[in-house]
Structures are given as C-alpha cells and as structure tokens.
Amino acid sequence: MAEPHDEMTPFEAVTFFFHEAADAADVDDATREILSGTYREVRVQVPLRRDNGEKHVFYGYRVQHNGARGPYKGGVRYDLSADLDETRALASLMTWKTALVDLPFGGAKGGVQVDPRSLSSPELERLTRRYMSQVSYIVGAHRDIMAPDMGTNAQTMAWMMDAWGQKAGHDPAIVTGKPIALGGSVGREAATGRGAIMVLDEAVRDAGRERGDLTIAVQGFGNVGSWAARIAVEDGYRVVAVSDIGGGIYVGSGLDLEAVDRHVEEAGTVAGCPGTEPLDSGELLSLDVDVLIPAALGGVITKSNVDDIRADVIVEAANHPVTPAADHVLRDRGVEVIPDVLANAGGVTVSYFEWTQNIQQFHWDADRVNAELRKRLRRGYRTLLDFADSAGCDLRRAAFGVAVDRVAEAARLRGYL
Ligand code: GLU
C-alpha cells in the first residue's frame, strides 16, 4: 500500500485505514468495493429566509455508508467544514464504530455547511426543519436515525422530531439525543465524553497505573471535551489544560473546572480564565502530559506536528483527529493511540439505549445507562485488545480489523453478493 500523506482528504484518510484492515482480513474485491465506498449520498439545497428578509441557500448532506448490520445511524453536523467528503468520512467511521461496539446499526452521517453561530435561534429552527424535510424520504426509525454532532444539540433534535412528526406521525425513535422531556435518555449528553474516559480507565488499569498520577490535556471544550474533562476530574485524573477556538489555559496542579465553566458562561471561551496560564492550541498538543485527548476537529495531529507530541497515550474523542501519516509515526514511536471508533463510541452507544427505550416506551435510570455503557465499551476494548494481541498490530488496525470482519460477515449472510 502507498505511504500515507497529509494531503489526503478526510474520506481518503478513513478509507486508508479501512484498506489496511481489509488487506489483513483478506476481503474479496467486490466486498472491498462495497465497504470502501458509500451506499447512498444525498445532497440537498436548504434555502433559508433570514430574520432580516434576506434569502440564502445552504447545502446539506446525508451519506449512508453501510447498512449491513442494521438501520443507518449517525449524527448531523452544522459546520463550515461539513462538505460531502467530510460527511462521507464521518459516515464510514460510524459503520466501523457501531460494528466495533456491536450495536445493531449501520453507519451514516449528515451535515449542513453553515456556521451555526452566524444564525439566530429562529433561523436555526427553520434551517433544521427544512433540512429534515429535504432528507425525510431516506430516514426513518428503522431506516436511518439521526443524532447531534458538532454544531447541533438536543434542541436541534427536538425540531427534527417535530418536523418528522408533522409529515409522518409522531415517532420519538426517529432521532436520538433529544431533550429528556421529549423521550431523550438520561446520560446521553455526557455520553461521548464519559465513554472516552471509561475507555481510558481500561487502558490505565491494564498498564497498572493510578488515575491520580496521570495528567491530561483536552483539546476542545464543546460537548465532548468539556464532559470528558469533567468526568476525568470526578474520577481522580489531573486535567491540567483545556482549549477551544478562543485559546487554551493551563494550571500545572490541575484546573478548577467549575471556575472554567463560570468563565465560559460569561466570556464564551475558556481563554482568559482567571488564575490560569494562557496557551495556544498548538502548545496544548505538545504539552508534556500523560494523556492527550483531542476532542475537537479532525486532522489536528499531522506529519508536521506529530514530532512535538509528548503524551504517552492519545484518546481520540474527536473523529479522525490523527492523519494516517501521523498515525504511522506514533505507531513507530510506541505511543498508544486509542482510536476514535472506540474512544468516542459512547455517544452512539447511549443513542442506541435511547432508541430502544423509545421503542419500548420505557425509561432507564442513570445508573443503568452508565453501567450498560461501561459494559459495552469494556467489551469493545477487550475484543480490540485480543485482536491486537493475536494479529500483532496496534489498536487502530485492530479496531478496523474487528469492525471490517463483522460488517463483511453481515454483508455475506444477507447475500449482498
Ligand atoms: N455524532 C456522534 C458520533 O459521531 C453520535 C452519533 C449518534 O449518536 O448516532 O458518534
């Protein structure tokens, strides 16, 4: 296989990891073509009348990557980077993620190429309802189930559910990550961040290390990063640095996250939080910490900054934060990378719990959600480790290896070919 390089697009990068696993799994050419491509891609125009009367046309996508193991599942991202290639990459990652943690779903992703901070709340609502209506003919509670991602949240899901209900009749299982008052699951909002720390716990235990001895830096303080940081502190780790789009902050003895939350409430960014030292995002990545948690955009650790990384463990709470070229350098250096398809699978796992609760019209409590989440992620981690041990490979190749085997088997049993 050709050497990876940093000019790969996000979808090329994810597909590169797929091919590495498929080579080792000895998948036939036709199956490889099915799994390396996407099943269906929809691009829609999403016209919006702004509050001031101006008209604007946005573009939205829904990419269904593979549905061999069940209904398509994945979030919807509102971000300027959410173009077709990025959406394909994220859809493909959802297929491998749901397979690795053994959820009865396939993989999909959606996006609208928009900066959600540039729209008012009524504008976001109109945009969301229009997007849902434009893609409604390919979604459904047993067809394709959407969820929040970067730039979207429980409110977005409530609008989507309502827009769907007006067309097809009320069905809470049409989307996950809803507000609890509308059938959302307790624990869903924190689930991706919590899952990242649960997976880290497994690695820490295996390494015979103590949580209290370990320092953590988190890049990104949105839903995923802020919950990962909070839960890490609750669990006894020392979170020394966090950053967001406005900049980063550092306290060697550990950040007071309640003070950081108060500052974010007022200032809209972690930057400038009193009692902390300033950092930029690049400095955060190269801090001498035990654990680095990229929890923001993809492609942040590249060939050009990988040599600056000093952490022993990287937990990929974001999707595809490490490019294939940087990944090879980290692998050769023996840095333990816990891959995105496991490290951020907590969100879709609790989405699965939400979906089953909606179908049964029955609510679980927080203890049950978190215990089931830990059980699923622990099982995923153990499966991945066993695969890595027997194949003699690192965790990313093991994760793709397990997932590719499972999806290929489902495709074969269904008689795809
Ligand atoms: N957007 C999240 C992810 O990338 C969650 C998807 C879901 O819950 O369906 O995994």
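Data block above holds the structure.
Criteria and cut-off values
Residues numbered from 1 in each chain as written. Predicted model: local features only at pLDDT ≥ 70, side-chain atom pairs only at ≥ 80, totals over all residues. Heavy atoms only, no water. Helix = DSSP H or I, 4+ residues; strand = E, 2+ residues; numbered from the N terminus. Buried < 20%, exposed > 50% of the residue type's maximum accessible area, 1.4 Å probe, protein only. Contact = heavy atoms within 4.5 Å. Core = buried A, V, L, I, M, F, W, Y, C linked by side-chain atoms within 4.5 Å. Pairing = 2+ DSSP bridges. Right-handed = clockwise from strand over helix to strand, strands pointing away. Axes fitted to C-alpha atoms, helices over the stretch in contact; angles between N-to-C directions. Parallel < 35°, antiparallel > 145°, perpendicular 65-115°, else oblique. Left-handed = near helix turned anticlockwise from the far one by under 90°. Near = heavy atom within 4 Å. Polar contact = N/O pair within 3.5 Å; in protein donor to acceptor, adjacent residues only side chain to side chain. Areas by Shrake-Rupley, 256 points an atom, 1.4 Å probe, with all protein chains shown as cover. Phe/Tyr/Trp six-rings, centres within 6.5 Å; stacked < 30°, edge-to-face > 60°. Lys NZ or Arg CZ within 6 Å of the ring centre and 35° of its normal.

Novice: Looking at this structure, I do not really get the environment of I197. What am I missing?
Specialist: Tracing the backbone shows I197 in helix α6 (residues 191–206). According to the relative accessible area criterion, I197 is buried, its value standing at 0%. Not counting the four nearest positions on each side in its chain, I197 is found in contact with A228, I231, A232, D235, Y237 and I293.

Novice: What should I look at first to understand the nonpolar core in this one?
Specialist: One recurring pattern in soluble globular proteins: nonpolar side chains tend to sit buried together. Among the nonpolar cores identified, the biggest contains 85 residues, and W96, L200, I216, V242, V315, I338 and L342 are the most heavily contacted of them. In terms of residue count, helix α14 (residues 395–414) provides more of this core than any other element does, 11 residues in total. Setting aside residues no more than four positions away along its own chain, L200 makes contact with I216, Y237, V291, V313, V315 and I338.

Novice: Just checking my understanding: could you explain the pairing of strand β6 (residues 215–219) for this structure?
Specialist: Side-chain direction in a regular strand flips from residue to residue, so the side chains alternate between the two faces of the sheet. Here β6 lies mainly inside the structure; five of its five residues are buried. Covered by surrounding structure in β6 are T215, A217 and Q219 together with I216 and V218, the residues of both alternating faces. Relative to strand β7 (residues 238–244), β6 runs parallel, the two being bridged by five bridges. Bridging across to β7, T215 finds its partner in R238. Following the backbone out of β6, through helix α7 (residues 223–234) and into the adjacent parallel β7, one traces a crossover that is right-handed.

Novice: How do you make sense of helix α10 (residues 324–333) when you look at a structure like this?
Specialist: Structural remark: α-helix, 3.6 residues per turn; residues separated by three or four positions point the same way. Within α10, seven of the 10 residues are buried, which leaves the element mostly enclosed by the surrounding structure. Buried residues along α10 sit in contact with α1 (10–25), β11 (313–315), β12 (336–338) and α14. G334 sits one or two positions beyond α10 and adopts a positive phi of about 80 degrees.

Novice: How do you make sense of the packing of helix α4 (residues 121–135) against helix α5 (residues 154–168) when you look at a structure like this?
Specialist: Packed helices, taken two at a time, are described by the angle between their axes plus the distance between the axes. Where α4 contacts α5, the axes come no closer than 9 Å and their chain directions differ by 45 degrees. Classified by the angle their axes make, α4 and α5 are oblique. Like other packed secondary-structure pairs, α4 and α5 cross with a definite hand, here right-handed. On the side of α4, the interface is formed by S121, L124, E125, T128, R129, Y131, M132 and S133, while α5 contributes T156, W159, M160, D162, A163, W164, Q166 and K167.

Novice: What's the story with the site of the ligand in this structure? I'm lost.
Specialist: Neighbouring the ligand are 14 residues, the closest being K73, K97, K109, D149 and S351. D149 places a polar side-chain atom, nitrogen or oxygen, 2.7 Å from a nitrogen atom of the ligand. One of the side-chain N or O atoms of R188 is found 3.0 Å from an oxygen atom in the ligand. For the ligand, the accessible surface in isolation is 300 Å², of which the surrounding protein chains cover 96%. Elements with a contribution of two residues or more to the shell around the ligand: β3 (72–78), α3 (84–100), β5 (144–148) and α12 (346–360).

Novice: Help me understand the pairing of β5, please; the structure alone is not making it clear to me.
Specialist: Within β5, five of the five residues are buried, which leaves it mostly tucked inside the rest of the structure. As defined by bridge partners, β3 adjoins β5 across five bridges and the pair is classed as parallel. Opposite K73, over in β5, you have I145 as the bridge partner.

Novice: What am I meant to see in the sheet that holds β11 here?
Specialist: Strand pairing within a sheet occurs via backbone hydrogen bonds; the two strands may be parallel or antiparallel. Strand order in this open sheet of seven strands is β9-β8-β7-β6-β10-β11-β12, and the pairing throughout is mixed. The sheet is open, and its two edges are formed by β9 (277–279) and β12, each paired on a single side. This sheet shows a mean twist of 20 degrees between the axes of neighbouring strands, independent of strand direction. The pairing of β6 with strand β10 (residues 291–294) spans four bridges and is classified as parallel. When the sheet's bridge partners are listed, Q219 is paired in β10 with P294. Its contacts with the sheet put α7 on β6 and β7, and the angle it makes with β7 is roughly 170 degrees.

Novice: When you look at the packing of aromatic side chains in this model, what are you seeing that I'm missing?
Specialist: When we look at a pair of aromatic rings, we describe it by the centre distance and by the angle of the planes. This structure, assessed with the given rule, holds 10 aromatic pairs. Both rings, one in Y39 and one in Y72, keep their centres 5.9 Å apart while their planes meet at 10 degrees; by these two values the pair is stacked. With Y39 in the loop between α2 (29–36) and β1 (40–49) and Y72 in strand β3, this pair connects stretches of sequence that are 33 residues apart. On the accessibility criterion, Y39 (54% relative accessible area) is exposed. Overall, the relative accessible area of 12% leaves Y72 in the buried class. What links up through ring pairs into an aromatic cluster is the set F16, F17, F18, W96 and F400. The side chain of R368 reaches across the aromatic face of W364, ending 4.0 Å from its centre.

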